[in-house]
Amino acid sequence: MIDDTLLEAEEKMDKAVSVAKEDFGNIRTGRITPAVFGKVLVDYYGAPTPVQQLASFHIPEPRMVIITPYDKSSLGAVEKAVRDSDLGVNPSNDGAIIRCVFPELSEQRRRELVKVARTKAEEARVSIRNIRRHAKDAIDRIVRDGDAGEDEGRRGEKDLDEATHRYVAQVDELLRVKESDLLSV
């Protein structure tokens, strides 16, 4: 039973690291990636649809993205969604494709994005610690109910602590990489 609790906790911690990775991918650095469009939703025939399901992306230059909608009739809706998003870009439409030229990041904007990244990392760490707390409570309950011995409970808590440290270290590494990407010019 303790092993099941540990396995479930590790799966949840892994999911928390994946969410942090996705959040970091949405934070823009000097070179643009299609991941920055991850939260952009297009009103496509009345349904909010992620732009990545409606178009392909081509990056000819570090700060330029060319968006080619699969359905040419959705060109205007995609352009409007990108314009209305919080990306801070003014897309231009030539009838077949949409060009988005991202402005150079100022030093102040880079520092703001580092703060955003640190906030996302702290949210991930808190999530991992909450998972640890719930798993520890479950292990204590198992030992208290007599379903496992105290030695097994201590071993389970030790394994849980090691997993927690491992996943927090992964989040810290993701943050370190993102900060170096943001602060390198």
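Residues numbered from 1 in each chain as written. Predicted model: local features only at pLDDT ≥ 70, side-chain atom pairs only at ≥ 80, totals over all residues. Heavy atoms only, no water.

You'll find the chain entered in an unreviewed UniProt entry as Ribosome-recycling factor, with Parafrankia irregularis given as the organism. For the record of the chain, the UniProt heading Subcellular location (unreviewed entry) holds the text "Cytoplasm". (UniProt positions renumbered as here; feature names shortened; annotations may be inferred.)

*Asks:* How should the overall build of the chain be read in this particular structure?
*Replies:* Each helix and strand in the chain was counted, giving five helices and six strands. The C-alpha atoms of the chain give 22 Å as radius of gyration, which overshoots the globular expectation for 185 residues (16 Å, by more than 25%). The C-alpha extent of the chain, read off along each of the three principal axes, is 70 × 40 × 20 Å. By residue count, 37% of the 185 residues in the chain fall in the buried class. Counting contacts in the chain only where the partners sit at least 6 residues apart, residues at least 24 apart contribute 62% of the total. (Helix = DSSP H or I, 4+ residues; strand = E, 2+ residues; numbered from the N terminus. Rg over C-alpha atoms; globule rule 2.2 N^0.38 Å. Buried < 20%, exposed > 50% of the residue type's maximum accessible area, 1.4 Å probe, protein only. Contact = heavy atoms within 4.5 Å.)

*Asks:* Can you walk me through the packing of aromatic side chains in this structure?
*Replies:* Two measures describe an aromatic ring pair: the distance that separates the ring centres and the angle between the ring planes. All chains considered together, the criterion is met by one aromatic pair. Seen from their ring centres, Tyr-44 and Tyr-45 are 4.7 Å apart, and the 70° between their planes marks the pair as edge-to-face. What makes Tyr-44 partly exposed here is its relative accessible area of 23%. (Phe/Tyr/Trp six-rings, centres within 6.5 Å; stacked < 30°, edge-to-face > 60°.)

*Asks:* Where do I start with the sheet that holds strand β4 (residues 64-69) in this structure?
*Replies:* The four strands are arranged β3-β4-β6-β5 in an open sheet whose pairing can be described as antiparallel. Each end of this open sheet is capped by a strand with a single partner; those strands are β3 (55-61) and β5 (92-93). Sheet analysis places β5 next to strand β6 (residues 98-101), joined by two bridges and oriented antiparallel. Bridge pairing in β6 places Ser-92 opposite Arg-99. (Pairing = 2+ DSSP bridges.)

*Asks:* Could you clarify how one ought to interpret the layout of surface pockets in this entry?
*Replies:* Gaps between atoms show up when a probe of the same size as a water molecule is rolled over them. For the largest pocket, the calculated volume is near 480 Å³. Around the largest pocket sit 17 residues that line it, and Asn-26, Asp-86, Leu-87, Arg-109 and Leu-113 are the ones nearest its centre. Within the residue set of the lining of the largest pocket, elements represented by two or more residues are α1 (2-26) and α4 (107-144). Tallying contributions element by element places α4 first for the lining of the largest pocket, with four residues. In the lining of the largest pocket, the residues fall into eight nonpolar, two polar and seven charged. (1 Å grid on protein atoms, 1.4 Å probe; cavity = no way out; pocket = protein on both sides within 12 Å on 5 of 7 lines; lining within 4 Å. Points joined across faces, edges and corners; volume = space filled by probe spheres on them. Nonpolar A, V, L, I, M, F, W, Y, C, P; charged D, E, K, R; others polar.)

*Asks:* What exactly am I supposed to notice about helix α3 (residues 75-84) here?
*Replies:* Residues separated by three or four positions in an α-helix point in the same direction, a consequence of the helix having 3.6 residues per turn. Considered for burial, the residues of α3 that qualify are Leu-75, Val-78, Glu-79, Ala-81 and Val-82. All buried residues of α3 lie within an arc of 165° about the axis, which places them on one face of the element. Looking at α3, the residues exposed on the side facing more than 90 degrees away from the buried face are Lys-80 and Asp-84. Elements in contact with the buried residues of α3: β1 (41-44), α2 (51-54), β4, β5 and β6. (Arc of directions from axis to C-beta.)

*Asks:* Is there a simple way to think about the nonpolar core in this case?
*Replies:* What tends to happen in soluble globular proteins is that the nonpolar side chains get buried as a cluster. Core analysis: the biggest nonpolar cluster contains 28 residues, and Met-13, Ile-128 and Leu-160 have the highest contact counts within it. Elements supplying a minimum of two residues to this core: α1, α4 and α5 (150-183). Counting residues per element, this core draws most heavily on α4, which supplies 10 residues. Formed by 19 residues, the second largest nonpolar core is a distinct cluster that contains Ile-32, Val-36, Ala-55 and Cys-100. (Core = buried A, V, L, I, M, F, W, Y, C linked by side-chain atoms within 4.5 Å.)

*Asks:* For this particular structure, what's the right way to read α1?
*Replies:* Taking 1.5 Å as the rise per residue, α1 with 25 residues should run 36 Å; its terminal C-alpha atoms sit 36 Å apart, in good agreement. Here α1 has its buried residues at Ile-2, Thr-5, Leu-6, Ala-9, Met-13, Ala-16, Val-17, Ala-20, Asp-23 and Phe-24. Where α1 is buried, its residues touch α4 and α5. (Expected span 1.5 Å × (residues − 1).)

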